[in-house]
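# Reading the structure
So the chains spell out like this:
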Amino acid sequence: CEIRSLVIRLRLNEAPLTGRPHLATQPPRETAGMVIDQEYGLRILGQDALPGTTLVDQKSYIMNPYDWSADSPEQRQLRAGRWTWDGYYYLLAYKRSKKLHLPSVPPVTTA
């Protein structure tokens, strides 16, 4: 079985202050969303896949619907695991980082 990607749908039902549905066109808010532990990340085959996160619009399925540059604050927020937009979060397995969960064990040497 080859895993190439992971898709997570985030749907923010209501804005906490207004009681109205949260729309993807609204800017991110600190009060709603999902936070992934950046130290652990999202693991695919034992490696963190957060560096490859892309937002996909929930209606048009356009990737990066706001045309954020790679070094924009919004893209950094996505890769850090702070997701505050309605939509699909698409993570590519091949853009993962090698951040192992267990501490590395030094190689055994024989004399």
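The notes below deal with the structure included here. (Residues numbered from 1 in each chain as written. Predicted model: local features only at pLDDT ≥ 70, side-chain atom pairs only at ≥ 80, totals over all residues. Heavy atoms only, no water.)

## A closer look at the environment of Glu2
Mapped onto the secondary structure, Glu2 falls in the segment before strand S1 (5-10). The exposure class assigned to Glu2 is exposed, which follows from its relative accessible area of 61%. Along the chain, Glu2 and Leu45 lie 43 residues apart, while their C-alpha atoms are 9.8 Å from each other. (Helix = DSSP H or I, 4+ residues; strand = E, 2+ residues; numbered from the N terminus. Buried < 20%, exposed > 50% of the residue type's maximum accessible area, 1.4 Å probe, protein only.)

## Side note on the pairing of strand S7 (residues 87-92)
Burial analysis of S7 places five of its six residues in the buried class, the great majority of the element. Where S1 lies against S7, six bridges are found, and the strand directions are antiparallel. Across the sheet, residue Val7 finds its bridge partner in S7, namely Tyr90. (Pairing = 2+ DSSP bridges.)

## Description of the environment of Ala80
Position of Ala80 among the secondary structure elements: in the loop between helix H1 (73-79) and strand S6 (82-83). Separated by 45 residues in sequence, Ala80 and Val35 have C-alpha atoms that sit 8.6 Å apart.

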